[in-house]
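Given next are the chains, with one letter for each unit.
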Amino acid sequence: MKGEEKVFIIGLGLIGGSFALDFRKENERAVFFGIETNESHVKEALERGIIDRQADWEQLSEADWVVLAIPVDKAVAVLPEVLDRIQENTVVLDVGSTKEQICKAVENHSKRRNFIATHPIAGTEFSGPSAAFEGLFAGKTNIICEIEKTAFGIQEKALQLFKKIKMRIRYMDPKAHDKHIAYVSHLSHISSFMLGKTVIAEEQNERDIFDMAGSGFESTVRLAKSSPAMWTPIFKQNREMVLKSLSEYIENLNHFKTLLETGDYDSVYSEMEQTNAIKEILKGIHLKKELSYGE
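Residues numbered from 1 in each chain as written. Predicted model: local features only at pLDDT ≥ 70, side-chain atom pairs only at ≥ 80, totals over all residues. Heavy atoms only, no water.

Student: Just checking my understanding: could you explain the state of the cysteines for this structure?
Tutor: By definition, a disulfide links the sulfur atoms of two cysteines through a covalent bond. Enumeration according to the criterion identifies zero disulfides in this entry. Among the cysteines around C103, which has no disulfide bond, C145 carries the closest sulfur, lying 5.6 Å off. C103 sits in the buried class, given a relative accessible area of 3%. (Disulfide = S-S within 2.5 Å. Buried < 20%, exposed > 50% of the residue type's maximum accessible area, 1.4 Å probe, protein only.)

Shown next as structure tokens:
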């Protein structure tokens, strides 16, 4: 195809697959190549039209775009090799949930200017090509780190694409990103996994769980369906900040436990009432997003 853009998706899961579907909708000249170790994922991605062809590492020299959508530990190892193989004007971006280590991995690479470090705050508890869908990123925030280290032309191309798929952009230092995301994402996943474990261990009769579980329980443990293969490396890479947030969370749980043990129900009420303030905080955040998105 004359003037085609070759887009390489490394990792054909929820994020990589959804990105390809959105990119395809916005660019009829794009041809999509998939690099993936799981052959069943390759087959499914081809059948669903997520990619047009399977590719290998040698073909990265032909890429106009490379999207790195693999677990964060693998991304840190693979990114320098990707940069070694690309052309002068290739856009390379990652979508990982931790940013400090991946930025450090290429800080002195000769083609650091081609890389844009991103974290789309989007996803579901499902994984694999079957989980991918068009429109996943619409209205979602995309955190970009160290934008000043990315060449202006690369920035411009990437930002135009993010705008087309209707993402909101925030800029952040990698260390600050990893600290904040530990509290609002990584901690909630740990809570979900451990709540699920606690209930399963206590309630051996699964029918009783399903009969009694309401929407509140289901929404709280929804994240426990997430992929351990993806989340274990995230916890490992962001270990310091995850431990800090987890310690503070455990401290609050122990405090609440003490209030119940001592029968201090006035304080139990007060703790919950004070935390109700999160309703207004979230309402303000949603309103700010709507206004920003409308602009």
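Student: Just checking my understanding: could you explain the packing of helix α10 (residues 239-261) against helix α11 (residues 265-275) for this structure?
Tutor: For any two helices packed against each other, the geometry comes down to the angle between their axes and how far apart the axes lie. Across the interface, α10 lies against α11 with an axial gap of 8 Å and an inter-helix angle of 150°. Seen along the crossing, α10 lies across α11 with a hand that is left-handed. Seen from α10, the contacting residues are H255, F256, L259 and L260; seen from α11, they are Y265, S267, V268, E271 and M272. For the contact of α10 with α11, a count of residues per class yields six nonpolar, two polar and one charged. (Axes fitted to C-alpha atoms, helices over the stretch in contact; angles between N-to-C directions. Helix = DSSP H or I, 4+ residues; strand = E, 2+ residues; numbered from the N terminus. Left-handed = near helix turned anticlockwise from the far one by under 90°. Contact = heavy atoms within 4.5 Å. Nonpolar A, V, L, I, M, F, W, Y, C, P; charged D, E, K, R; others polar.)

Student: Looking at this model, I keep getting lost on the pattern of salt bridges. Mind explaining?
Tutor: Opposite charge on two side chains allows them to pair when their charged atoms are near. Within this structure, the stated rule accounts for 15 salt bridges. Taking the shortest distance from any N to any O, the salt bridge between R85 and E81 comes out at 3.3 Å. Within this pair, R85 and its partner E81 are both found in helix α3 (residues 72-85), separated by four residues, close to a single helical turn. Using a relative accessible area of 26% as the deciding quantity, one classes R85 as partly exposed. Classification of E81 by relative accessible area gives partly exposed; the value is 31%. Residue K257 is joined to E261 by a salt bridge in which the shortest nitrogen-to-oxygen separation is 2.8 Å. Here K257 and its partner E261 are both found in helix α10, four residues apart, which amounts to about one turn of the helix. The exposure class of K257 is partly exposed, given its relative accessible area of 47%. Judged by its relative accessible area of 55%, E261 is exposed. (Salt bridge = Lys/Arg side-chain N within 4 Å of Asp/Glu carboxyl O.)

Student: So what exactly am I meant to see when it comes to the pairing of strand β5 (residues 91-94) here?
Tutor: For a regular strand, the rule is simple: side chains alternate between the two faces of the sheet. Alternating residues of β5 divide into V91 and L93 and V92 and D94, and every residue in both groups is buried. The pairing of strand β4 (residues 65-68) with β5 spans four bridges and is parallel. Of the residues in β5, the one forming a bridge with V66 is V92. In this view, the connection linking β4 to its parallel neighbour β5 by way of α3 has right-handed handedness. As paired strands, β5 and strand β6 (residues 115-120) are joined by three bridges and run parallel to one another. (Pairing = 2+ DSSP bridges. Right-handed = clockwise from strand over helix to strand, strands pointing away.)

Student: When you look at unusual backbone geometry in this model, what are you seeing that I'm missing?
Tutor: Leave glycine aside and you will find that most residues have negative phi; peptide bonds, for their part, are mostly trans. In this structure, E146 takes a positive phi of about 50° despite not being glycine. Mapped onto the elements of the fold, E146 is located in the loop between β7 (141-145) and α5 (152-164). One non-glycine residue with positive phi stands out, namely K166, at about 65°. In this fold, K166 is placed in the loop between α5 and β8 (168-172).

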